[in-house]
Amino acid sequence: MISRYRGSGKRACTLISTYLSKPQTQSNRRAILTGFSCEGQKSGNEQRFSAYWAGLLAASAVVASASTESEDPAPDDQTSDLLHNLLELLDKLYNSKKYEELLAVMDNCEITSAELLWRRARAKWEIIQVEDKNIPTFAISRNERVSMIQELVDLLDQALELDETCSAAHRWKAVLSEVRSSRLGLKEQFRNLETKKYHLERAVELDPNDAVAMTMLGAWHMTLLELTLPPRIIAFLFLKMPKYGSYEDALELFLRAEEIAPNTSIANVFLAGKAYFRLGQKSKAKEYLELAIQRTATNAEDLMCQEEAKQFVRSNPMS
């Protein structure tokens, strides 16, 4: 019985691999999974518990896919099922803000894929943000902070080397390369603009339903459109200014994002309202800015966008 075994999540994954390599009847499959579940519950270590459940959920896909006792999936199908269920678990842990558990599961996984690597970078970024709130600014040098972010950017580069068509890896490369450049100063931020644009455009190209990447790309155009004169002059004289679109281009991206994921992003409708205002369509601008203000905020970014929307309405007559 598998329940006799005790050990790390890595041992659990080894047991699952052994299980998958041997033909099993439906009853034996269920018995093995029951034993696996019991083993996970015996573990007093929270990280081990998560790792065992990672194996359990992954193996359950194979059990569910076996419609008869004689119809076992091919090895490639088994690997695909394992990865699919592992990714589901990782996303559930992320959505529950259990980032340390998520990394513990990944540390015990011998599979390497672009989907796993960008999720690791995302989880580590969340942990860094939490630590930044709890650790005084002077406690960590700028170089140390940049080094931590560079490690995440490197993970995303690895992901894209494995699979250049992974849209989420492109989106997160855009996010974290911007974070890294922002910690290095204005000059580096300008240099990173082209990189950010490329990865956002690639993300949207690979996944036309990525509403977040569309909002980010529209915001990229808006940022350059609304540059004040001093940084625009500096960029023109000393740095290479990337090509950027019009307010119409930005608005089109915001509206597409809202169509794909309606009633979800406060930032998206706020930026759409600003774009409408810049285009002289004040009634539409008012409509979208009011949407931004009225939607329920779920995080600090939402609250910040709502405050900006209120300030924008106060500063700019809508009639």
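Residues numbered from 1 in each chain as written. Predicted model: local features only at pLDDT ≥ 70, side-chain atom pairs only at ≥ 80, totals over all residues. Heavy atoms only, no water.

1. Observations regarding the overall build of the chain
A tally of helices and strands in the chain yields 15 helices and 0 strands. When burial is assessed residue by residue, the chain has 47% of its 319 residues classed as buried. For the chain, contacts bridging at least 24 residues in sequence account for 63% of all contacts bridging at least 6. Summed over all atoms, the accessible surface of the chain reaches about 17,100 Å², with 52% contributed by carbon and sulfur. (Helix = DSSP H or I, 4+ residues; strand = E, 2+ residues; numbered from the N terminus. Buried < 20%, exposed > 50% of the residue type's maximum accessible area, 1.4 Å probe, protein only. Contact = heavy atoms within 4.5 Å. Areas by Shrake-Rupley, 256 points an atom, 1.4 Å probe, with all protein chains shown as cover.)

2. Remarks on the pattern of salt bridges
Taken as a whole and judged by the stated rule, the model has 19 salt bridges. The closest approach of N and O atoms between Asp-210 and Arg-171, which form a salt bridge, is 2.9 Å. In this pair, Asp-210 sits in the loop between α9 (186-206) and α10 (211-225) while Arg-171 sits in helix α8 (residues 167-182), placing the two residues 39 residues apart along the sequence. You'll find Asp-210 and Arg-171 in the same group, each marked buried. Overlapping salt bridges bring together Asp-91, Glu-115, Arg-119 and Arg-122 as one network. (Salt bridge = Lys/Arg side-chain N within 4 Å of Asp/Glu carboxyl O.)

3. A few points about a nonpolar patch on the surface
Judged by side-chain polarity, Leu-229, Ile-233, Ile-234, Phe-236, Leu-237 and Phe-238 come together as a nonpolar surface patch covering roughly 710 Å² of accessible area. Structurally, the position occupied by Phe-236 is in helix α11 (residues 229-238). (Patch = residues over 30% accessible without salt bridge, like charges linked within 9 Å, V, L, I, M, F, W, Y side chains within 5 Å.)

4. Brief notes about the confidence of the model for the chain
For the chain, mean pLDDT is 80; residues scoring 70 or higher make up 74% of the total. Put simply, helix α2 (residues 26-42) is where the chain has its lowest mean pLDDT, 43, and helix α12 (residues 247-260) is where it has its highest, 98. (pLDDT = per-residue confidence, 0-100.)

5. Structural notes on helix α5 (residues 99-107)
Counting buried positions along α5 gives 7 out of 9 residues, so the element sits mostly inside the fold. Those residues of α5 lying buried are Tyr-99, Glu-101, Leu-102, Leu-103, Ala-104, Val-105 and Met-106.

6. Let's talk about helix α14 (residues 282-294)
Taking 1.5 Å of rise per residue, the 13 residues of α14 would be expected to cover 18 Å, and the 18 Å separating its terminal C-alpha atoms lies within 8% of that figure. For α14, the full list of buried residues reads Ala-285, Tyr-288, Leu-289 and Ala-292. Taken end-on, α14 shows its buried residues confined to a sector of 100 degrees, consistent with a single buried face. More than 90 degrees from the buried face of α14, the exposed residues found are Ser-283 and Gln-294. If you follow the buried residues of α14, they end up packed against α12, α13 (266-278) and α15 (300-315). (Expected span 1.5 Å × (residues − 1). Arc of directions from axis to C-beta.)

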